[in-house]
Amino acid sequence: MSAAQIMTMRDAFIGTLCDRMAADHSIFFLAADLGAPALDRMRSEFPERFINVGIAEQNLINVASGLALEGFSVYTYAIAPFITMRAYEQARVNLAVSSQIRPVKVTMLGLGGGVSYVVSGPTHHCLEDLAIMRLLPNMSVYCPADWVTAGALVDHTRSTNGPAYIRFDGKALPALYAEPATVNLPRGFSQLVQGTATCLVSTGFMTHRALAVAQQRPGVAVIDLYSLKPCDEQALATALRPYNRVISMEEGFINNGGLDSLVAKVIREHELPCRQESVGFNDRYVFDLGNRDHLHGINGMDEAAVIALIDRRRDV
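Fair warning: this is a prediction, and the values are worked out from it, not measured in the lab.

K.L.:
Give me the packing of helix H9 (residues 233-240) against helix H10 (residues 259-269): which residues, what numbers.
P.N.:
Axis separation between H9 and H10 bottoms out at 10 Å; the angle between their running directions is 80°. In terms of axis orientation, H9 runs roughly perpendicular to H10. In this structure, H9 contributes Glu-233, Leu-236, Ala-237 and Leu-240 to the contact, and H10 contributes Leu-262, Val-263, Lys-265, Val-266 and Glu-269. Per-class residue counts for the contact of H9 with H10 are six nonpolar, no polar and three charged.

K.L.:
Report on the sheet that holds strand S3 (residues 50-52), specifying residues and quantitative values.
P.N.:
Taken in spatial order, the seven strands line up as S3-S2-S4-S5-S7-S6-S12 in an open sheet, and their pairing is mixed. Of all strands in the sheet, those bounded by a partner on one side alone are S3 and strand S12 (227-229). For this sheet, the mean angle separating the axes of adjacent strands, direction not counted, is 20°. Note: strand S4 (residues 73-79) against strand S5 (residues 106-111), six bridges, orientation parallel. Each bridged residue has a counterpart across the sheet, and for Ala-78 the counterpart in S5 is Gly-110. Its contacts with the sheet put helix H2 (residues 37-45) on strand S2 (27-31), S3 and S4, and the angle it makes with S3 is roughly 120°.

K.L.:
I'd like to hear about the packing of helix H1 (residues 9-21) against H2, residue by residue, with values.
P.N.:
It is the contact of H1 with H2, at a shortest axis distance of 9 Å, that shows an interaxial angle of 15°. Judged by the angle between their axes, H1 and H2 are roughly parallel. In the crossing of H1 with H2, the sense of the turn from one axis to the other is left-handed. When H1 is examined against H2, the residues Arg-10, Asp-11, Ile-14, Gly-15, Leu-17, Cys-18, Asp-19 and Met-21 are found in contact with a partner set consisting of Pro-37, Ala-38, Leu-39, Arg-41 and Met-42. Looking at the contact of H1 with H2 residue by residue, the classes come out as eight nonpolar, one polar and four charged.

K.L.:
So, the packing of aromatic side chains: which residues are in play, and what are the values?
P.N.:
Across all of its chains, the model carries seven aromatic pairs by this definition. Ring centres of Phe-29 and Tyr-77 lie 5.9 Å apart, and the angle between their planes is 45°; on these two criteria the pair is classed as tilted. In this pair, Phe-29 is assigned in strand S2 and Tyr-77 in strand S4, connecting sequence segments 48 residues apart. By relative accessible area, which is 0% here, Tyr-77 ends up buried. The residue whose ring lies beneath Arg-86 is Phe-82, and the NZ or CZ to ring-centre distance is 4.4 Å. We note Arg-292 situated over the ring of Phe-205; from NZ or CZ to the ring centre the distance is 3.8 Å.

K.L.:
Break down the pattern of salt bridges for me, citing the residues and quoting the values.
P.N.:
Enumeration over the complete set of coordinates arrives at 18 salt bridges. A salt bridge links Glu-303 to Arg-209; the shortest N-O distance between them is 3.9 Å. One end of the pair, Glu-303, is in helix H12 (residues 303-312); the other, Arg-209, is in helix H8 (residues 206-216), with 94 residues separating them in the sequence. For Glu-303, a relative accessible area of 27% gives the class partly exposed. What makes Arg-209 buried here is its relative accessible area of 6%. A salt bridge links Glu-269 to Lys-265; its shortest N-O distance comes to 3.3 Å.

Scoring rules and cut-offs
Residues numbered from 1 in each chain as written. Predicted model: local features only at pLDDT ≥ 70, side-chain atom pairs only at ≥ 80, totals over all residues. Heavy atoms only, no water. Axes fitted to C-alpha atoms, helices over the stretch in contact; angles between N-to-C directions. Helix = DSSP H or I, 4+ residues; strand = E, 2+ residues; numbered from the N terminus. Parallel < 35°, antiparallel > 145°, perpendicular 65-115°, else oblique. Contact = heavy atoms within 4.5 Å. Nonpolar A, V, L, I, M, F, W, Y, C, P; charged D, E, K, R; others polar. Pairing = 2+ DSSP bridges. Left-handed = near helix turned anticlockwise from the far one by under 90°. Phe/Tyr/Trp six-rings, centres within 6.5 Å; stacked < 30°, edge-to-face > 60°. Buried < 20%, exposed > 50% of the residue type's maximum accessible area, 1.4 Å probe, protein only. Lys NZ or Arg CZ within 6 Å of the ring centre and 35° of its normal. Salt bridge = Lys/Arg side-chain N within 4 Å of Asp/Glu carboxyl O.

Structure, rendered in structure tokens:
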């Protein structure tokens, strides 16, 4: 498989997981009646370890936690806003609380993070998930920017105990990394572009946006942060220290506990001499119809808006 290939995070993750299921009989996969061509192979090869619980996300987490308490490694799959918000109490009690007493190895896979379900409107947009899942103690939270990172998360989650949430973008995207080994999951981020005064810290789809901005503004650095919890905050502070300006970029509500809150914590606790600004959705849902570029444009998140933000404060 070529890194230049464009594919979905879901297909990369499920394909890699299928490969592992052949030798690791502890893996179960549970879906909330959400189909995908990548699941056909799993359903065919491992029918005894593939369970469709139906459109019942709360029960999805209940069944998964029961299997995990019996020693299995469980992956649950549903649309991002439903697996996080419809089943939030189950994730909190059965996964986050329980895992403080004994390991509960359940990885929640949320498809369609941010506004990747573009025309489905605010019921299917998922702008709150990174913040509310980061809020849960013992819960790891990942937001890959490409399918290579998504694939690398298979072995990473298999080798760690405790619950996790992974946000998958709903669209096929190009690879940003040559191979999974180049993704530093224990550290939680990679610096893709070196720069001088300004650094863009982005997660998920917005890393593609940040890279496009950096191409038009040489000297602007880009950090792709794919592990929002845990993250090596000391290493991130070291990476951010050379810059006098840091701009966080996320497809989520800003100033409410997401990526920008993590960046603010690192800046504050390590006393970094930089100014922080946030790019993301403000405190309102998006009812407008249009493609992703349109939704970003009307919310000040497109390339032109970010470039204008950078140019407006060149003196900082």
